[in-house]
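Inside the fold
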Amino acid sequence: MSQNCQIGAGDDGRWEGLVRIIREVDPDVLLLQEVDWLTDADEAEAAREALAMDLFVAPSRQLNTAVAWKPDRLERVGSDTRYSTTDLHHGYCGIQFQPLSLTTPWPAPLTVISTHLTPYSTEAAAIEAQLLVARAYRFGGIGLIGGDINHPPLGDEEPPWSLVPAHNRAARCLPRENPDDPWFGNPAVGRVFREGDMTDVAARLADRREDPQLRLPTGKVGRLRVDQVHVTPALVPTITNYRRVDPGEHADHFGTLTTLDLARTDLSAAHPYA
């Protein structure tokens, strides 16, 4: 599950409501964004107890990201935040896991990255995405990137841009020659994931099932499916299901729930990073 908690959730009581929803969903892995209050050791420990999960919070210049997981399902074997405070606006939280359900250990760990790309420029976010694609492959190629991608994915319908706040249009749309020209979303970030052989989970299932509902927006204000999960080729065969999770009044983003059957992982697609 991935959830942008919306700035201030730790101060105004919304976090407790989000915890209840997360506990109902009961994910094995939880990707969190905008959780700066969890950098406090006592708050992080309280979150571990409330979620009944282990938790790692990444350093960040702005609004931290985090990954939580069930320790009886996944063993953490490494972490990666090398470029979180230097090359990305919000940063990223990368964790390497060994799934404990496997009868035979994998040749490479499962890399899980929670991120929040910059909302202010598609071009800048595309550069951030390029770095994250490299980190998803860095530890053997069995990886996923999830979180608030903030920019249009490939293949989704154009939202009603006239109803989108002007600052979001300025950041997420292609430049127009004239003020009366129609708005079109900038596909640069989606193209980075495509060129990196990453697969958009929701889009793949939407196309396979001919179900456009799987492409519904996750951003309540920006009207885009900004919350996305992209997987490397090794994990494409594992894609089983996807749905939105309604946080109600507790956040301005829908959560997303992705189901992966790790027994189907294509281990032939794992490889050393070069």
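Structure: see above.
Residues numbered from 1 in each chain as written. Predicted model: local features only at pLDDT ≥ 70, side-chain atom pairs only at ≥ 80, totals over all residues. Heavy atoms only, no water.

A few points about the pairing of strand S8 (residues 143-148)
The criterion, for reference: Residue exposure (1.4 Å probe, protein chains only): buried if accessible area is under 20% of the type maximum, exposed if over 50%, otherwise partly exposed. Each helix is a run of H or I in the DSSP string that is no shorter than four residues. Each strand is a run of E no shorter than two, and both are numbered from the N terminus. Here, any two strands with at least 2 DSSP bridges between them count as paired. The path from the first strand over the helix to the second decides the hand: if it runs clockwise while the strands point away from the viewer, the crossover is right-handed.
A large share of S8 lies buried, amounting to six of its six residues. Examined bridge by bridge, strand S7 (residues 110-116) and S8 share six bridges and lie parallel to one another. Along S8, the bridge assignment pairs His116 with Asp148. Assessed by its sense of winding, the connection that carries the chain from S7 through helix H3 (residues 122-138) to S8 is right-handed. When S8 meets strand S10 (residues 227-231), the two strands line up antiparallel, connected through five bridges. Residue pairing across strands places Gly147 opposite Gln228, the latter belonging to S10.

Here's the deal with the packing of helix H1 (residues 14-25) against helix H2 (residues 41-51)
Selection rule: Axis angles are defined between N-to-C directions and span 0 to 180 degrees, where every axis is a line fitted to C-alpha atoms and, for a helix, only to the segment in contact. Left-handed describes a crossing whose near helix is turned anticlockwise from the far helix by less than a right angle; the clockwise case is right-handed. Contacts are assigned to residue pairs with any non-hydrogen atoms lying within 4.5 Å of each other. Under the convention adopted here, Pro, Cys and the residues Ala, Val, Leu, Ile, Met, Phe, Trp and Tyr are nonpolar, Asp, Glu, Lys and Arg are charged, and Gly plus all remaining residues are polar.
Interhelical geometry of H1 versus H2 gives an angle of 35° and a closest axis separation of 10 Å. Seen along the crossing, H1 lies across H2 with a hand that is right-handed. Taken together, the residues of H2 that come into contact with H1 (itself represented by Trp15, Val19, Ile22 and Arg23) are Ala47, Glu49, Ala50 and Leu51. Looking at the contact of H1 with H2 residue by residue, the classes come out as six nonpolar, no polar and two charged.

Side note on the environment of Asp26
Which entries qualify depends on this criterion: As used in this structure description, the phrase polar contact means that two N or O atoms lie within 3.5 Å; if the pair is within protein, one of them must be able to donate a hydrogen and the other to accept it, and residues adjacent in sequence are counted only when both atoms belong to side chains.
Mapped onto the fold, Asp26 is located in the loop between H1 and strand S2 (29-33). For Asp26, the side chain forms a polar contact with the side chain of Lys70, separated by 2.8 Å.

Re the sheet that holds strand S5 (residues 74-80)
Spatial ordering of the open sheet is given by S5-S6-S7-S8-S10-S9, a layout of six strands whose pairing is mixed. The open sheet is flanked by S5 and strand S9 (199-200), the only strands paired with a single partner. The sheet contact formed by strand S6 (residues 92-99) and S7 spans six bridges and is antiparallel. When the sheet's bridge partners are listed, Cys93 is paired in S7 with Ser114. Lying on the sheet, H3 is in contact with S5, S6, S7 and S8; it crosses S7 at an angle near 160°.

Comments concerning a negative patch on the surface
To be explicit about the condition: Think of a patch as exposed residues, more than 30% relative accessible area, with no salt bridge, where like charges cluster within 9 Å and nonpolar side chains (Val, Leu, Ile, Met, Phe, Trp, Tyr) cluster within 5 Å. Residue exposure ignores everything except the shown protein chains as possible cover, and the areas themselves are Shrake-Rupley values with a 1.4 Å probe. Whenever a carboxyl oxygen of Asp or Glu lies within 4 Å of a side-chain nitrogen of Lys or Arg, that contact is scored as a salt bridge. The charge count includes Lys and Arg as positive and Asp and Glu as negative, but it does not include His or the ends of the chains. Each charge is placed at NZ for Lys, CZ for Arg, CG for Asp and CD for Glu.
On the surface, a cluster of negative charge is contributed by Asp11, Glu16, Asp36, Asp40, Asp42 and Glu43. Looking at where Asp42 falls in the secondary structure, it is placed in helix H2. The class for Asp42 is exposed, based on a relative accessible area of 62%.

Overview of helix H6 (residues 201-209)
Every buried residue of H6 is listed here: Val201, Ala202, Ala203, Leu205 and Ala206. At its buried positions, H6 is contacted by S9, S10, strand S11 (239-245) and strand S12 (255-260). Where H6 starts, the residue carrying a side-chain oxygen 3.3 Å from the main-chain nitrogen of Ala202 turns out to be Asp200. Just beyond H6, the residue with positive phi is Glu210, at close to 55°.

Here we look at the nonpolar core
As a rule of thumb, soluble globular proteins bury nonpolar side chains together. Definition in use: Definition of nonpolar core: a set of buried residues of the types Ala, Val, Leu, Ile, Met, Phe, Trp, Tyr and Cys, connected through side-chain atoms within 4.5 Å.
If you look at the biggest cluster of nonpolar residues, it comprises 31 residues, and the most contacted ones within it are Val67, Phe97, Leu110, Ile142 and Val231. Counting residues per element, this core draws most heavily on H6, at four residues. Ignoring anything within four residues of it in the chain, the contact list for Leu110 reads Leu74, Ile95, Gln96, Phe97, Ile142, Leu235 and Leu262. The next biggest cluster of nonpolar side chains, apart from the first, holds 24 residues, and it includes Ala9, Trp15, Leu55 and Leu257.

Points about the pattern of salt bridges
Any two side chains of opposite charge can pair if their charged atoms end up close together. The tally for this structure, following the rule as stated, stands at 13 salt bridges. Between Lys70 and Asp28 there is a salt bridge, with the nearest N and O atoms lying 3.8 Å from each other. One end of the pair, Lys70, is in the loop between strand S4 (65-69) and S5; the other, Asp28, is in the loop between H1 and S2, with 42 residues separating them in the sequence. For Asp28, a relative accessible area of 28% corresponds to the partly exposed category.

Some remarks on the pairing of S2
Among the five residues that make up S2, five are buried, leaving the element largely enclosed by the rest of the structure. Side chains Val29, Leu31 and Gln33 project from S2 onto one buried face, and the interleaved Leu30 and Leu32 project onto a second face that is buried too. Taken together, the three bridges between strand S1 (residues 2-4) and S2 define a ladder with parallel strand orientation. Looking across to S2, one finds that Gln3 is bridged to Leu32.

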